[in-house]
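Structure assessment
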Amino acid sequence: MGKVIAVVNQKGGVGKTTTAVNLASFIAEKNKKVLLIDIDPQGNSTLGLGFDKEKETENIYHDLIESLPIKSVIKKTAIQNLDLIPSNIDLAGAEIELVNIENKEIKLKNALQNIKNDYDIIFIDTPPSLGLLTLNALIAADSALIPMQCEFYALDGLGQLLRTIELVRESFNPSLVIEGVVITMFDSRTNLAVQVVEEIKKKFQDKVYDTIIPRNIRLSEAPSFGQPINIYDKSSRGAKAYERLADEILSMK
């Protein structure tokens, strides 16, 4: 049965989608069957894998809200072994629509029961919030992967995320664990970045991955071409870092 990893952080701009897309792509390249579920209404993972989100008329919204079978919204990507469940702005109203739906917190978990055996790893790219969509992801997941950027406010709001994870454990998903913390957007030229890394390691200790993702222009460019970094520029520093991270995660699986 596949492992389900929710990529979560309620702060925006921390490299969450970049991490979800590139990890999914590198792990698929290593002959693992991977599914990436985009449950962010912005649809950035969908764009990052080369899909026109406005043309994906059947997406995760139709599974969660209209109970369309989840297999019918899975798309093959250009990368061998990597599938996508896309998202678009339709999902923006889902938080409100889910409120009146029975078992609203476990819609995604129930849907994944039908496909977990088809994949080695399922990544869920969540919105930058702790609403019902992220809650669905955490309840459906075996673990949470937390990207954290090397900036002054990196730890701001972290307590709220950890409390949410703990509440999910207590009320819905007792086996949920923190998969790990990945440090992103690291610039070794700044003292602040080094200090933030030290603080993150102090807080999470052995949960912090050895691999640190650097600031890298090629990582920033790749989504505008609808490509993960291993397709766009595999020789870049960003690509090499995400490949090391993929190896690190697979070695711990």
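A quick note: this is a predicted structure, and the numbers were derived from the prediction, not measured.

Across all of its chains, the model carries 13 salt bridges by this definition. Among the ionic pairs, Glu 29 bridges to Lys 234, the shortest N-O distance being 2.7 Å. One end of the pair, Glu 29, is in helix 1 (residues 16–29); the other, Lys 234, is in the loop between helix 10 (229–232) and helix 11 (237–252), and 205 residues separate them in sequence. Relative accessible area serves as the criterion here: at 38%, Lys 234 is assigned to the partly exposed category. Among the ionic pairs, Asp 83 bridges to Lys 33, the shortest N-O distance being 3.5 Å. Of this pair, Asp 83 sits in strand 4 (residues 82–85) while Lys 33 sits in the loop between helix 1 and strand 2 (34–38), placing them 50 residues apart in sequence. Residue Asp 83 is classed as buried on the basis of its relative accessible area, which comes to 4%. One salt-bridge network, held together by shared partners, links Lys 30, Glu 243 and Asp 247.

With eight of ten residues buried, strand 7 (residues 177–186) lies mostly within the body of the structure. Pairing analysis gives seven bridges linking strand 6 (residues 143–149) to strand 7, with the strands arranged parallel. Looking across to strand 7, one finds that Ser 143 is bridged to Val 177. Traced from strand 6 through helix 7 (residues 158–171) to strand 7, the parallel crossover comes out right-handed. Here strand 7 runs beside strand 8 (residues 208–214); their pairing, made up of three bridges, is parallel. Residue pairing in the sheet places Ile 183 in a bridge with Ile 212 of strand 8. Of the crossover connections in this fold, the one passing from strand 7 over helix 8 (residues 191–204) to the parallel strand 8 is right-handed.

About the thresholds
Residues numbered from 1 in each chain as written. Predicted model: local features only at pLDDT ≥ 70, side-chain atom pairs only at ≥ 80, totals over all residues. Heavy atoms only, no water. Salt bridge = Lys/Arg side-chain N within 4 Å of Asp/Glu carboxyl O. Helix = DSSP H or I, 4+ residues; strand = E, 2+ residues; numbered from the N terminus. Buried < 20%, exposed > 50% of the residue type's maximum accessible area, 1.4 Å probe, protein only. Pairing = 2+ DSSP bridges. Right-handed = clockwise from strand over helix to strand, strands pointing away.

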